[in-house]
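# Structure assessment
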Amino acid sequence: MAKDKVLPLPEAIRALVHDGDSIALEGFSHLIPFAAGHEIIRQGRRGLTFCRMTPDLLADMMIGAGCVDRLVCSFFASGSAGALYEIRRRLEDHDPAPLEVEEYSHHAMVLRYHAGASRLPFIPIRSYAGSDLPKINPDIRLVDNPYGEGSAYVVPPLNPDVTIVHAQRADRKGNVQIWGITGIQQEAVYAAERVIVTVEEIVDDEVVRSDPNRTLIPAHAVDAVCVVPRGAHPSYVQGSYDRDNAFYRMWPKKAKDKAWVQEWLDTHVRGTADHEEYLATIGEEQLAPLTVAPRPSQPVDYGRRMPAGAGAASAGARATGETASAANDDGGTQR
Amino acid sequence: MTGTIDGQAAAASATAPDYSQTELIVCAAAKMLAGKSTVFAGIGLPTLAVDLAHRTLNRDIELIYESGVTGAHPEEMAEGIADFVLVSGAESVVSMQALFGYVLQGGNVDVGFLGAAQIDRHGSLNTSVIGDWERPTVRLPGSGGASDIMSNAGEVFVIIRRHDHASFPAELDFVTSPSPVAARASGEGIPPQGHGVSVVITPLGVLQREDRFGELVLTHTHPGVTVDQVKDATGWDLKIADHVQSTAEPTLEEVRLLRDEIDTVRLYLR
């Protein structure tokens, strides 16, 4: 029996995230591990290097809470929802202190995680000819093409001490299944020294093994699995709950006022014991409408070897596709 | 007026009496998408333009979202490039590695749509900072995928919501996404695959770049705008086309589609 990796989130953060670590909390708009970020704030981690392609509100919260000294990212706003004022205060006014920044483009961050996961010393990218980004980031460097003419910009691997991602489900061993926008989670997990996965639910091995292609992160890459329902709020989980767009629209308006950010953190994060209490402070009135209606996929058939003695008749049925269409009828979700 | 679409009733192709500036910009962008097949776009006005183009003059256009979704069939208007309604019922969702590596850098994107705080005469874009990078006056969103799109898309359309010396300066505060001219001048790195910026739509008119290493040229002024107004609002000596046209005004049908079918909740139409 493989090791059971299920741990309460506070225990996992205590054991695996240390002051001064570089940590990646990934998820591209979808499945952002907010609950884990909030627990890091509660435990008062300091001096972190925070890695995320799109920092999102999570960066504003963790920077506002004083957890982060250095930001590694490729975007500095919250998608269409607006500016991130904690980041802007640190960069524009050094308020309350400057923030070190390693700035890249999206593709460079993707390649850095890929190089990190593959333990490569560097990786070339077609971007940056004529850009000012290499001028402000000494880690974007130029190498001669060893196979032909010209030169290419290269970026270094990104190997976080810890990567944390959120997912729909996992088994107790840590086989993690993700669907919807899968972002850069697989690369970020393999790039890291230690890995925490928070999930909406733990499922039986049989559920995972009924659809192995859905397992984006195999158990061998995972150190801790934490069950945290609604652990991505205010971001979303495909098939479970929608993004809290009202929250996303509210944040940049309110976070212009730095005192408000501290009050928000006191009320909803530092003043709560765990994610369940956090959700209670947000309130069912705001959370309930985020529930989504079902829209299941058609099951796929992985097949099994024919039992000895099974007739050619059923083999013929498969070949003509009768089995597949029968399964579709059973599914009842065909449009 | 211009913009008549074959086979459409004359009434529907009549100019809409009460169109907004946003609708004018979106309709102008949509017309530029005739004959393009894959478009890489962020959310907002570009999405409206692609949707409108799809309904009016280009059934084959495919929109690729930065989140990895292709062939989206949203049941409702998406709020953001990663809205779950874009995923439910979509034809495909690929990883970021596949999206930026194989789809974009692999050369499969015809048109990239970008916004910018500043643009220069060759179509280099600044989305990083106003002022000095070390201690900016305004910290802007940064590259995101913009510099990767500029280096790899066949061509780039820009929608910019201001037209003045601050947003059309002689020199950018920061080059986030370099034009082929800037790339060639640097002599370093891998040259861009595409044309760079080909179309810029502003609140005053339309600027285009025919030559990959040429300058932006004013080709259209919006109704009521003069060529001199556009020249005065531009921070360099703007080149003017021999025959500057008036931007086609939105038709009744285009405005109806935008308001009643595309952006029914008025998320982006203002």
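Okay, so let's go over this structure.

What counts, and where the lines are drawn
- Residues numbered from 1 in each chain as written.
- Chains lettered and ligands numbered in written order.
- Predicted model: local features only at pLDDT ≥ 70, side-chain atom pairs only at ≥ 80, totals over all residues.
- Helix = DSSP H or I, 4+ residues; strand = E, 2+ residues; numbered from the N terminus.
- Rg over C-alpha atoms; globule rule 2.2 N^0.38 Å.
- Buried ≥ 20, exposed ≤ 12 C-beta atoms within 10 Å, placed from the backbone.
- Contact = placed C-beta atoms within 7 Å.
- Pairing = 2+ DSSP bridges.
- Axes fitted to C-alpha atoms, helices over the stretch in contact; angles between N-to-C directions.
- Nonpolar A, V, L, I, M, F, W, Y, C, P; charged D, E, K, R; others polar.
- Parallel < 35°, antiparallel > 145°, perpendicular 65-115°, else oblique.
- Core = buried A, V, L, I, M, F, W, Y, C linked by C-beta atoms within 7 Å.

### A look at the overall build of chain B
Summing up its helical and strand segments, chain B has eight helices and 14 strands in all. Against the 2.2 N^0.38 benchmark of 18 Å for 270 residues, chain B shows a C-alpha radius of gyration of 18 Å, consistent with a compact globule. The buried share of chain B, taken over its 270 residues, is 52%. For chain B, restricting intrachain contacts to residue pairs at least 6 apart in sequence, the fraction spanning at least 24 positions comes to 64%.

### Remarks on the pairing of strand E12 (residues 194–202) of chain A
Along a regular strand, successive side chains alternate from one face of the sheet to the other. Residue and element names in this part refer to chain A. Bridge count between strand E10 (residues 162–170) and E12: eight bridges; the pairing is parallel. Bridge pairing links arginine 169 to glutamate 201 in E12. Of the strand pairs in this sheet, E12 and strand E14 (residues 224–227) are connected by four bridges, and their pairing is parallel. From the neighbouring strand, isoleucine 196 faces E14, where its bridge partner is alanine 224.

### A short note on the sheet that holds strand E7 (residues 123–125) of chain A
Residues and elements named next belong to chain A. Strand order in the open sheet formed by three strands is E7-E9-E8, with antiparallel pairing between adjacent strands. Only two strands of the sheet have a single partner each, and these edge strands are E7 and strand E8 (141–144). In this sheet, adjacent strand axes meet at a mean angle of 50 degrees when their direction is disregarded. Examined bridge by bridge, E7 and strand E9 (residues 151–155) share three bridges and lie antiparallel to one another. Bridge pairing in E9 places isoleucine 125 opposite tyrosine 153. Along the sheet, helix H5 (residues 106–117) makes contact with E7 and E9, crossing E7 at roughly 165 degrees.

### Details of the interface of chain B and chain A
Counting residues at the interface gives 45 residues for chain B and 44 residues for chain A. When residues of the side of chain B that touches chain A are traced back to their parent elements, those giving at least two are helix H3 (84–87), helix H4 (96–104), strand E9 (136–139), helix H5 (146–152) and helix H6 (180–186) of chain B. Residue classes in the side of chain B that touches chain A are distributed as 21 nonpolar, 20 polar and four charged.

### Considerations on unusual backbone geometry
All names here are of chain A. Following aspartate 95, the chain continues into proline 96 via a peptide bond in cis, with omega recorded as 0 degrees. As for its placement among the helices and strands, proline 96 is situated in the loop between helix H4 (85–92) and strand E6 (100–103). The omega torsion of the bond from histidine 233 to proline 234 falls at 10 degrees, within 30 degrees of zero and hence cis. One can find proline 234 in the loop between E14 and helix H9 (245–254). Here the phi dihedral of serine 29 falls at roughly 65 degrees; this positive angle occurs in a residue that is not glycine. Structurally, serine 29 can be placed in the loop between strand E1 (22–25) and helix H2 (34–42). In this structure, leucine 31 takes a positive phi of about 60 degrees despite not being glycine.

### Topic: the packing of helix H3 (residues 56–64) of chain A against H4 of chain A
Residues and elements named next belong to chain A. H4 packs onto H3 with a crossing angle of 55 degrees between their chain directions and a minimal axis gap of 7 Å. Here H3 is positioned oblique relative to H4, judged by the angle of their axes. Across from Ala59, Asp60, Ile63 and Gly64 in H3, the residues of H4 making contact are Tyr85, Glu86, Ile87 and Arg90. Looking at the contact of H3 with H4, its residues break down into four nonpolar, one polar and three charged.

### Observations regarding the nonpolar core
Within the largest apolar cluster, 167 residues are counted, with the highest numbers of intra-cluster contacts made by Met62 and Val197 of chain A together with Val158 of chain B. Beyond its immediate sequence surroundings of up to four residues, valine 197 of chain A is in contact with Val165, Ala167, Ala170, Gly174, Val176, Ile217, Val222 and Val225 of chain A.

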